[in-house]
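Each chain, written out:
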Amino acid sequence: SAVISQKPSRDICQRGTSLTIQCQVDSQVTMMFWYRQQPGQSLTLIATANQGSEATYESGFVIDKFPISRPNLTFSTLTVSNMSPEDSSIYLCSAGTGGFTEAFFGQGTRLTVV
Amino acid sequence: AQSVAQPEDQVNVAEGNPLTVKCTYSVSGNPYLFWYVQYPNRGLQFLLKYITGDNLVKGSYGFEAEFNKSQTSFHLKKPSALVSDSALYFCAVRDETSGTYKYIFGTGTRLKVLA
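What you see is a predicted model, and the numbers here were worked out from it, not measured in a lab.

**Description of the interface of chain A and chain B**
Between chain A and chain B, the contact holds 23 residues from the first and 23 residues from the second. The interface formed by chain A and chain B holds two salt bridges in total. With its nearest N and O atoms 2.9 Å apart, the salt bridge here joins B:Lys102 to A:Glu58. Between chain A and chain B we count 10 residue pairs in polar contact (both at pLDDT 80 or more) in total. Residue classes in the side of chain A that touches chain B are distributed as nine nonpolar, 11 polar and three charged.

Okay, structure coming up:
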């Protein structure tokens, strides 16, 4: 199984600023994903981070607001740009290799925008 | 579109009793189904999966799930519930048609095991 480290674990940010969340996997993975979750609610996929190419965004999410990088097979970043209080949420990184294996999750980043 | 549904927001069960958390799916092609559990202020932990093979799948912490193709269901079960099983449970399907193999989650079911 893969171990995923996500940083920071939590942050309180001023509106209008940006925050970059880092996701490090302890082994090479094919797939990396970024999700958003309100506490106690379901997970909403923001985008799939593609190694060496632009991320694939889900409906309602755009690159200008959530730029994503994936420079190699073990690391990805998600930036939440020009934040507003509506961006307050838990952001989760996930990674997997497909096939018969499952995806694993980081511990999440709890973001509060004030 | 691939999707999963969890019809119950919350399930209450007495400690020692069997528990069932329901999940139904809608997919084109073969389903790749997963159960995850989330404890407060934690990420998701993998419990079990159905990819192929036996319809009864055994997973972590004594949980099991039964894949039923005719009913398009993948219910999570445990013979004897523990108070420590109280958590938020998510059913998920992996989208094999999108090219990104993304995971699509149900709305979650909160399990409360009463002492």
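Text resumes after the structure shown.
**Quick look at the state of the cysteines**
For the coordinates displayed, the defined rule picks out two disulfides over all chains. There is a disulfide in this structure between A:Cys23 and A:Cys93, and the S-S distance comes to 1.9 Å. The chirality of the disulfide connecting A:Cys23 with A:Cys93 is left-handed, given an S-S dihedral of about -70°. Of the two residues, A:Cys23 is situated in strand E3 (residues 19-25) and A:Cys93 in strand E9 (residues 89-96); the sequence distance between them amounts to 70 residues. We classify A:Cys23 as buried; its relative accessible area is 0%. At a sulfur-sulfur separation of 2.0 Å, the disulfide partner of B:Cys23 is B:Cys91. The sign of the -60° torsion about the S-S bond sets the B:Cys23-B:Cys91 disulfide as left-handed. Of this pair, B:Cys23 sits in the loop between strand E3 (19-21) and strand E4 (24-26) while B:Cys91 sits in strand E10 (residues 87-94); the two residues are 68 residues apart in sequence, bridging distant segments of the chain. We note that B:Cys23, like B:Cys91, is buried. For the unlinked cysteine A:Cys13, the closest cysteine sulfur is that of A:Cys23, found at 18 Å.

**Quick word on the pairing of strand E1 (residues 4-7) of chain A**
Residues and elements named next belong to chain A. Residues Ile4 and Gln6 of E1 are buried on one face, while the alternating residues Ser5 and Lys7, pointing to the opposite face, are not. Pairing analysis gives four bridges linking E1 to E3, with the strands arranged antiparallel. Bridge assignment links Ile4 to a residue of E3, and that residue is Val25.

**Let's talk about the pairing of strand E9 (residues 73-78) of chain B**
Residue and element names in this part refer to chain B. Across the six residues that make up E9, a large majority, five, are buried. As paired elements, E3 and E9 share three bridges and run antiparallel to each other. Of the residues in E9, the one forming a bridge with Leu19 is Lys78. Bridge count for strand E8 (residues 64-68) against E9 is five bridges, and the pairing is antiparallel. In the strand pairing of E9, Glu66 is matched with His75. If you look at the hairpin formed by E8 and E9, you'll find four residues sitting between the two strands, and Thr72 has a positive phi there, around 45°.

Calculation notes
- Residues numbered from 1 in each chain as written.
- Chains lettered and ligands numbered in written order.
- Predicted model: local features only at pLDDT ≥ 70, side-chain atom pairs only at ≥ 80, totals over all residues.
- Heavy atoms only, no water.
- Contact = heavy atoms within 4.5 Å.
- Salt bridge = Lys/Arg side-chain N within 4 Å of Asp/Glu carboxyl O.
- Polar contact = N/O pair within 3.5 Å; in protein donor to acceptor, adjacent residues only side chain to side chain.
- Nonpolar A, V, L, I, M, F, W, Y, C, P; charged D, E, K, R; others polar.
- Disulfide = S-S within 2.5 Å.
- Helix = DSSP H or I, 4+ residues; strand = E, 2+ residues; numbered from the N terminus.
- Buried < 20%, exposed > 50% of the residue type's maximum accessible area, 1.4 Å probe, protein only.
- Pairing = 2+ DSSP bridges.

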